[in-house]
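Descriptive analysis of the structure
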Amino acid sequence: MRLMLAQTAPRWGDVPANLVALEALCRQASAAGADLLALPELALSGYNVFARLEEFAEPEGGPIVRRLAELAAQHGLFLLVGLAQRQADGRLTNAAVLIDDQGERLATYHKRQLWDREHDHFAAGDDACVVDTRLGRLGLMICYDNEFPEMARALARGGAEVILSPTANMVPNAERQVLQIRARALDNQCFVACINRAGAEAELHYCGNSLVAGPDGEILGQLGAGAGSLVVDLDRGRIAESRAHQDYLKDLRPLPEITP
C-alpha cells in the first residue's frame, strides 16, 4: 500500500477553501500513485475553532462527507479526514472519516481520549475502530489517543495492520510524538502513521513532524515542522517478518487488575 500523509496548515474556519486545497492534494496523491491520502485532525475547519464548532459540525453523511466521497471516487483514492460531527442526540464528536476509492464511507471513528478543552465541547467516543479494506486492516486513532498504549494495543489485537492517526499536536511535543508513534508501532509490531498539523492558530503552534513507523519501530518517513506531504510504501509482509522473531501479541499474558 502506498500512503500519502498531508501535513496541512488549513485556513482557519474556511471549509470551502480547505476543500479546494484538498482537491489539489488529491491530484498530487493520484499523480504519486498513492492508494490512501490521510489528513490531520479537524483538517477542514482548523483545530482551534471551539467557539464555532456548532457552525462546523455536520451530521454523519452531511455535505462535507459527500464532497469527500466525490473526491475519493474521482481520483481513485482512499481518503482519511478529520472533522467535527453532530450525533443524532445533538452531541458533537471529534471524528475521522475513512472513505474508499469508490466513494463509499467505510468507517467513522469518534475520538475516545479527549484532551484539555475538548472535554467542554466534544463527547468521547466509546468504540475502537478496525476496518477491513483491500489495502489491509486499518485501525483509526486521533491525536491524544496516541499517548495511551492501550489504544494502539486494542487496535492491534483487533487485527489492525496499519494504524492511522489524524493529529493536531503542538509545540513543544514534537520529540515526544515521534517517540510515542515509534513505541506504538514497536509494541504492536504493525505500521503506525501520525498525520499532524503545521502552522499556528492564535495561541496554538503546531509541531508537524508527521511520521510513519514500521513494525520494529523504525521510522519509514518523517516530515519537519512546516506544511508538506510524505509518500511511503508499506509492505505488510514486514509484520510477519517482525513477529517471526518474537510475537508480542501472541506471547502477551494480560495482567489481572490490581487494586490500589
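These remarks concern the structure in this document. (Residues numbered from 1 in each chain as written. Predicted model: local features only at pLDDT ≥ 70, side-chain atom pairs only at ≥ 80, totals over all residues. Heavy atoms only, no water.)

**So, the overall build of the chain**
The condition that has to hold: Every helix listed is a DSSP run of H or I at least four residues long, and every strand listed is a run of E at least two residues long, numbered separately from the N terminus. Radius of gyration here uses only the C-alpha atoms, and the compact-globule reference equals 2.2 Å multiplied by the residue count raised to the power 0.38. Residue contacts are defined here by distance: any two heavy atoms, one from each residue, within 4.5 Å place the two residues in contact. Here the positive residues are Lys and Arg and the negative ones are Asp and Glu; neither His nor the chain ends is included. The location of each charge is read from NZ of Lys, CZ of Arg, CG of Asp or CD of Glu.
From N to C terminus, the chain includes 7 helices and 15 strands. Here the chain has a C-alpha radius of gyration of 17 Å; the compact-globule value for 260 residues is 18 Å, and the two agree. Along the first, second and third principal axes, the C-alpha set of the chain runs to 50 × 50 × 35 Å. In the chain, once contacts between residues fewer than 6 apart in sequence are set aside, the share between residues at least 24 apart is 68%. For the chain, the distance from the average site of its 25 positive side-chain charges to the average site of its 35 negative ones is 1 Å.

**Structural notes on helix H4 (residues 149–157)**
Counted only if it meets this: Accessibility here uses a 1.4 Å probe with only protein chains present; expressed as a share of the type maximum, an area under 20% marks a residue as buried, one over 50% as exposed, and anything in between as partly exposed. Working definition: the arc comes from the directions between the helix axis and the C-beta atoms, pointing outward to the latter.
Among all positions of H4, only Met151, Ala152, Leu155 and Ala156 are buried. The buried residues of H4 occupy an angular sector of 130 degrees when the element is viewed end-on, so they sit on one face. Exposed side chains of H4 directed beyond 90 degrees from the buried face belong to Glu150 and Arg157. Buried positions along H4 lie against strand S6 (105–110), strand S7 (129–133), strand S8 (136–140), strand S9 (162–166), helix H5 (174–188) and helix H7 (248–251).

**Topic: the environment of Ala213**
Tracing the sequence through the fold places Ala213 in strand S13 (residues 211–213). Of the residues examined, Ala213 reaches a relative accessible area of 0% and is grouped as buried. Along the sequence, Ala213 and Ile163 sit 50 residues apart, while their C-alpha atoms lie 9.9 Å from each other. If we skip the residues at most four places from it in the chain, Ala213 touches Ile181, Arg182, Ala185, Cys190, Phe191, Val192, Glu218 and Leu220.

**Considerations on unusual backbone geometry**
Both trends apply: most residues other than glycine have a negative phi, and most peptide bonds are in trans. The step from Val171 to Pro172 runs through a cis peptide bond, and the omega angle for that step is 10 degrees. You can see Pro172 is positioned in the loop between S9 and H5. In this model, Leu42 sits at a positive phi of 45 degrees, which is unusual for a non-glycine residue. Classification of Leu42 as buried rests on a relative accessible area of 0%. Positioned with a positive phi, Asn209 is a non-glycine residue whose angle comes to about 55 degrees. By the secondary structure assignment, Asn209 is in the loop between strand S12 (204–205) and S13.

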